[in-house]
Amino acid sequence: MTLPGSDPTYRIYLALAQYPIFQRRIRNRMLRQLYERGIFSSKEFDTMVREQAILSQAREGLTDPFGEEPAHVWKERVISVRNYLIDLHFAQNLSFELFEDIVRQALAERGAETDEIFDTVNPELAPQEVLFEQALAILNMPEEERKEYKARLQEIKVVLIRNMISDQLAYINIAKDWFKVSDLVDIRKHKIGAGKIGGKAAGMLLAERILKEVGNQDVVDSIYIPPSYFLGADVMYAFMVHNDLMKWADQKYKTEEEMHADYPTIQEEYTCKPFPPDSHEQLEEMLERIGDRPIIVRSSSLLEDNFGMAFAGKYDSHFCPNQGSPEENLKQLICAISSVYASALNPDALLYRRSMGLQDYDERIAVLIQVVQGEQLNDYYLPHAAGVAFSRNLFRWSPQIEREAGFVRLVWGLGTRAVDRVGEDYPRIVALSHPLLHPAANPKDIRNHSQQHLDLIDIQNNEMKTLPVGEVFDPQYPILRYIAQSYQDGFLAPIRSNFLNQSHDLVLTFDELLRRTPFADRMRRMLATLQEHYRVPVDLEFTLRVRDPRAAKPEVDIFVLQCRPQSQLAESNVRLPHDLDEERIIFATERVVPHGHVKDINYVLFVPPEGYYALPDQASRSKLGRAIGRLNAALKDETFICIGPGRWGTVNPDLGVKIGYSDIYHSQALVELSGDGVGPAPEPSFGTHFFQDLMEAQIFPLAVYLDDAEAIFKREFFYDTPNSLAEVSPSDAEIASALRLIKVADYQPDHHIELIMDDEANRAAAFLAANIANKHEERT
């Protein structure tokens, strides 16, 4: 509420702002004076407060004062109205001199009343305003006196973390030792709504606090988080009530078919719908503070980025260029936020929660709004680099790579291409123990497996775009020499001059960034620090800025966008048999092998490359994806693996099978075929959101490149065994040419498949094994 500077009420408001610790005590004495001087009675004042609080609800579109608003929100509302009415009526009826006397008396008696204040307030039930008041009072005490209230301060911090940030105990157990009261005050200043800020925001803030507190000085000096604002999770329900959307609240209990059928309607009914007046006004004020800088609107659900459940990529994020008029920018922001809310009900997210045993949790979506870090390059806005880093490298492509050093997926431009499997494109995979060691073996392969497109913000046209890197390269761009190299005559060489012509074939390798800046070493140490204090491996999303690109050894700044526990496969102590008969092998590969064992495989879901690519259009390939989803549900009690051409989970059906988590989460492995006319070797999925899904669902990813001399692929098993598709899913029999369901026992009775992945030998093999009863008969 804005009041003119000459208003007496505003004078009292400003004066009270100087004494945040004692506001409640001062206002109680002001109210007592109003009672004693007959301005109104206690009963009249209580009635007035209640009526004004209900009126404020009506202005926000709430018609049921108690049914449409949680109790804690109503309590905060009543406190705000009460405080305003005390200030208003005191200013209108009594003198400012009397107010000053009350303040002086309250300050003089503060020491005597401290114990009484703490003894009469239960932190678990008290409003946040009271908790902050108490915490600041303790911090302002002399050091010796403050020691007496150390336990009380810790309790207040825990309650505030649980109410404002996250109620997940694994997170609270770590966060309570790192967050300061000043951190929580800062969050409150940047938050709209009374609810929690959610997991993505929580992880980002905790990572920054840990690195600033215990990192080496070079880390402390180079770590930042972007300017960030938070929409509390309660705002989502206010939005739903305001737009009559609570009818979708039971979506999580519907069947998978109903979820898929309803979702287009949900998206239409949510997107670009208005916010309640108070939230609308606060979003306007937030955009005024941000100015014309591009922003990103990110989901930050209550469960997101948690221990054992990352929700990676399950909910939407949207970039807002923010280059239009204030009205246009606000509309764009509202459309982005409402789309994030709609994504809470997408089938992939709902089925993920169901599979993780989280269906009954009230999964509200908070929203994290951040200024996009970057700089302008001609008409475009983009970071120098962005990516996602992992403290533990689960997939080593060379024996010399150290698993515990971690790895990075690095891209030029916005970080979307680092976390999604998009198009025929490849990020730079960096092993932090050997940052200049490429997964590809020679310069030609490095060129062919480099980033071809980048995501950026078009400032002139006020939109996000994806462009070929060649269209954005500028010889005068100071960062170019760090991210690209020149490819000529079969060799890669650093860029030595700004005078480049079309004969220079530029390839994004990031080699000079890794060679000339401290990025790789610093990121390795950051990840090790976070892993130590998180007590589990972590992954970290970031953007990167080269501070002085013209220096011989430039410094880098790293902006932390997200931090969460790293999803991992359950490893088993298993090795491939040395005497394995090749006749028993169904397929084998030596391409980036994880470590693990899938036992007793009875079914193989196989997508024949020629059948898949013969499908006439995108609609037919999408239909195939839904058929795979139905088989996934039908085989939920069986052990099965999936094998298909190109990339599983790609957004481009021309490059592989377009499926989501909900289509394959009962599978035990996803095997990608390439070579021999099938297509180029797929980009390793490790590090993408899809990869995170596989890790959490304990689905092993593998690649079989048919042109490799060591690869084995038993065609008679995949093509000559009877197809059981019509038997298990009769409605999908018409696409049998593009989808085969192979029952192992139909190929060899009384047998199953064992899949052993041995990363020490860098080899994986799926081979036939006799069932236990059959083995007993053979021994007899």
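Everything here concerns the structure above.
Residues numbered from 1 in each chain as written. Predicted model: local features only at pLDDT ≥ 70, side-chain atom pairs only at ≥ 80, totals over all residues. Heavy atoms only, no water.

1. As for the overall build of the protein chain
Heads up, the rule is: Comment: elements are numbered from the N terminus, with helices defined as DSSP H or I runs of at least four residues and strands as E runs of at least two. To sort residues, take the accessible area from a 1.4 Å probe on protein chains only and compare it with the maximum for the residue type: under 20% means buried, over 50% means exposed, and anything in between is partly exposed. Residues are treated as being in contact if the distance between any of their heavy atoms lies within 4.5 Å. With residues, only the protein chains shown are counted as cover, and all accessible areas are computed by Shrake-Rupley using a 1.4 Å probe.
If you tally the helices and strands in the protein chain, you get 32 helices and 28 strands. In the protein chain, which comprises 780 residues, the proportion classed as buried is 56%. Sequence-distant contacts, at least 24 apart, represent 74% of the contacts inside the protein chain between residues at least 6 apart. Of the roughly 33000 Å² that the protein chain leaves accessible, carbon and sulfur atoms contribute 48%.

2. A few points about the side chain of Ser-228
This is how it is decided: Pairs of N or O atoms within 3.5 Å make up the polar contacts considered here, provided that, within protein, one atom can donate a hydrogen while the other can accept it, and that residues adjacent in sequence are counted only when both atoms are side-chain atoms.
In this fold, Ser-228 is placed in strand β3 (residues 228-231). A polar contact is formed between the side chain of Ser-228 and the backbone oxygen of Pro-226, at a distance of 2.7 Å. Among the polar contacts listed, one links the side chain of Ser-228 to the side chain of Gln-370, at a separation of 3.4 Å. When sequence neighbours within four positions are dropped, the list of residues in contact with Ser-228 reads His-190, Met-204, Leu-368, Ile-369 and Gln-370.

3. With respect to the packing of aromatic side chains
Rule in force here: Each Phe, Tyr or Trp ring (for Trp, its six-membered ring) is paired with any other whose centre lies within 6.5 Å, and the angle between the two planes then decides the class: stacked below 30 degrees, edge-to-face above 60, tilted in between.
Enumeration over the complete set of coordinates arrives at 20 aromatic pairs. Seen from their ring centres, Phe-96 and Phe-99 are 5.3 Å apart, and the 40° between their planes marks the pair as tilted. Within this pair, Phe-96 and its partner Phe-99 are both found in helix α5 (residues 96-108), separated by three residues, close to a single helical turn. Relative to Tyr-613, the ring of Tyr-612 has its centre 5.2 Å away and its plane inclined at 75°; by these criteria the two rings are edge-to-face.

4. Remarks on the environment of Asp-425
Mapped onto the elements of the fold, Asp-425 is located in the loop between α19 (416-419) and β11 (428-431). Taking relative accessible area as the criterion, Asp-425 reaches 5% and is therefore assigned buried. A C-alpha to C-alpha distance of 7.0 Å links Asp-425 and His-453, two positions 28 residues apart in sequence.

5. Quick word on the state of the cysteines
Applicable threshold: By disulfide we mean two sulfur atoms from cysteines, separated by a distance within 2.5 Å.
According to the stated counting rule, one finds one disulfide in the structure shown. Between the sulfur atoms of Cys-272 and its disulfide partner Cys-335 the distance amounts to 1.9 Å. Looking along the S-S bond of the Cys-272-Cys-335 disulfide, the torsion reads about 120°, which is the right-handed sense. Remark: Cys-335 occurs in helix α17 (residues 326-343) and Cys-272 occurs in the loop between α15 (256-270) and α16 (277-290); sequence separation between them is 63 residues. A relative accessible area of 39% places Cys-272 in the partly exposed class.

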